[in-house]
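Tertiary structure, described
This is what each chain is made of:
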Amino acid sequence: MVAADTARPPERVAVVGAGMIGLATAWFLQERGVAVTVVDREGVAAGSSWGNAGWLTPGITTPLPEPAVLRYGIRAVLSPSSPVYLPPSADPRLLRFAAGFARHSTAVRWKRAMAALVPINRRALEGFDALAGGGAGGETVEAKSFLAAYRTEAERTVLLAEIEHIHAAGQGIEFEVLTGDEAREVEPSLSDEIGCAIRLHGQRFIDPGRYVHQLAESVRRRDGEIREGATVTAIRDGGRTVEVEMATGAESFDAVVVATGAWLGDLARPFGVRTVVQAGRGYSFGVPIEHVPAGPIYFPSQRVACTPIGDRLRVAGMMEFRAPDAPLDPRRIRAIVEAARPLLRGADFDARVDEWVGARPCTPDGLPLIGATRSPRVFVAGGHGMWGITLGPATGQLLAERIATGRGPVELAPFDPLR
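This section reports on the structure supplied with the text. (Residues numbered from 1 in each chain as written. Predicted model: local features only at pLDDT ≥ 70, side-chain atom pairs only at ≥ 80, totals over all residues. Heavy atoms only, no water.)

**Quick word on the pairing of strand β1 (residues 12-16)**
When you tally the buried positions in β1, you get four out of five residues, the bulk of the element. The pairing of β1 with strand β2 (residues 35-40) spans five bridges and is parallel. Counterpart to R12 in the pairing with β2 is A35. The handedness of the β1 to β2 crossover, carried by helix α1 (residues 20-31), is right-handed. Relative to strand β14 (residues 255-258), β1 is paired through four bridges, and the arrangement is parallel. Looking at the pairing, V15 lines up with V257 of β14. (Buried < 20%, exposed > 50% of the residue type's maximum accessible area, 1.4 Å probe, protein only. Helix = DSSP H or I, 4+ residues; strand = E, 2+ residues; numbered from the N terminus. Pairing = 2+ DSSP bridges. Right-handed = clockwise from strand over helix to strand, strands pointing away.)

Here is the structure:
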């Protein structure tokens, strides 16, 4: 723990953002007797919480800036079909993010960031178990199989090397290497194009949209208020309370948590949060498939993630750095289809439904922003990149502890929003 804050514990807290992280924070604040009001400009799970892959994979929760990104090269990153896409832009904020991201995409900085993530990764699944134990309603599914599949053994060496680095950082993950035939025995939906695989153990998955809506209902059952379609335009620290400005007028709270994903900087910047939070947009859609896999399938070389959701397979991919509110780009969907079609057997990509784009909040160093700002009454939680679902409950649990007790859990030390 870091030094305690001597201010009185808050009795009434506003949480801006009704995604996984905002709602988990609200729920764990309620566990500590705090009354919560959750406010979202659209609604529950309206941002990146709905259509993502829904993986609960602390074993491979790693920093997004990595040496492999640099190996794509400028030409590849500027290509609309690239799994990591940076559109040509003169936007100084985007250029600042891209420069910082590139600086952190080195082996030395990746290892440093990985070491920072290990303590919170260890608490990730415990956070989901705490929600389940408290009657939050959402269920997690143990992945009977979780396969990373490749065409060649040469492609597989990248993840094997990364697993070695993960182990070196002190994070355990159990796995086994498989041939292509062994992988198809586990998952018949893999095509003959797959020549080898890695099977990961101890991971889980969820239907993220359904789970977050169930979490919202749990917050409501405990007398929490959720206001949908309510835009917060400003936050003002009044010294003893915080004024939250909305279209309906200003309202006072003892503290406020900004958990607005890719829009976090808009409200947090006046309180000393200078780190750029850039939208790294992901795309997904659902397809019917003859054999619904028993667990997630990952194609790392194509950066395509697949998850069984009901009777369909959700296919997700892309990291598109652009404005969070930009419209869905059909070229991204086509690129995912072209990458995944040869690798799956029995999937009808022409019958896809629920095409979706969501803005993941990314930071240049690949680490989230969790904790107090320059104001002791204004907190932030965001910037988790691809791992907001996996780390959402642990983030909420740790931040609720910080807000309610004034003591900062050591797990949050590397994620100081003022860094």
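The discussion continues.
**Quick notes on the side chain of E162**
Relative to the assigned elements, E162 resides in helix α6 (residues 153-168). R303 provides the closest opposite charge to the buried, unpaired E162, separated from it by 7.3 Å. The residues contacting E162, other than those within four sequence positions of it, are T62, E66 and W110. (Lys, Arg positive; Asp, Glu negative; His and termini not counted. Salt bridge = Lys/Arg side-chain N within 4 Å of Asp/Glu carboxyl O. Contact = heavy atoms within 4.5 Å.)

**Comments concerning the sheet that holds strand β3 (residues 55-56)**
Taken together, three strands build an open sheet; the order of strands is β3-β9-β5 and the sheet is antiparallel. Unpaired on one side and paired on the other, β3 and β5 (141-142) mark the two borders of the sheet. Of the strand pairs in this sheet, β3 and strand β9 (residues 204-205) are connected by two bridges, and their pairing is antiparallel. Among the inter-strand pairings, L56 is bridged to a residue of β9, identified as R204.

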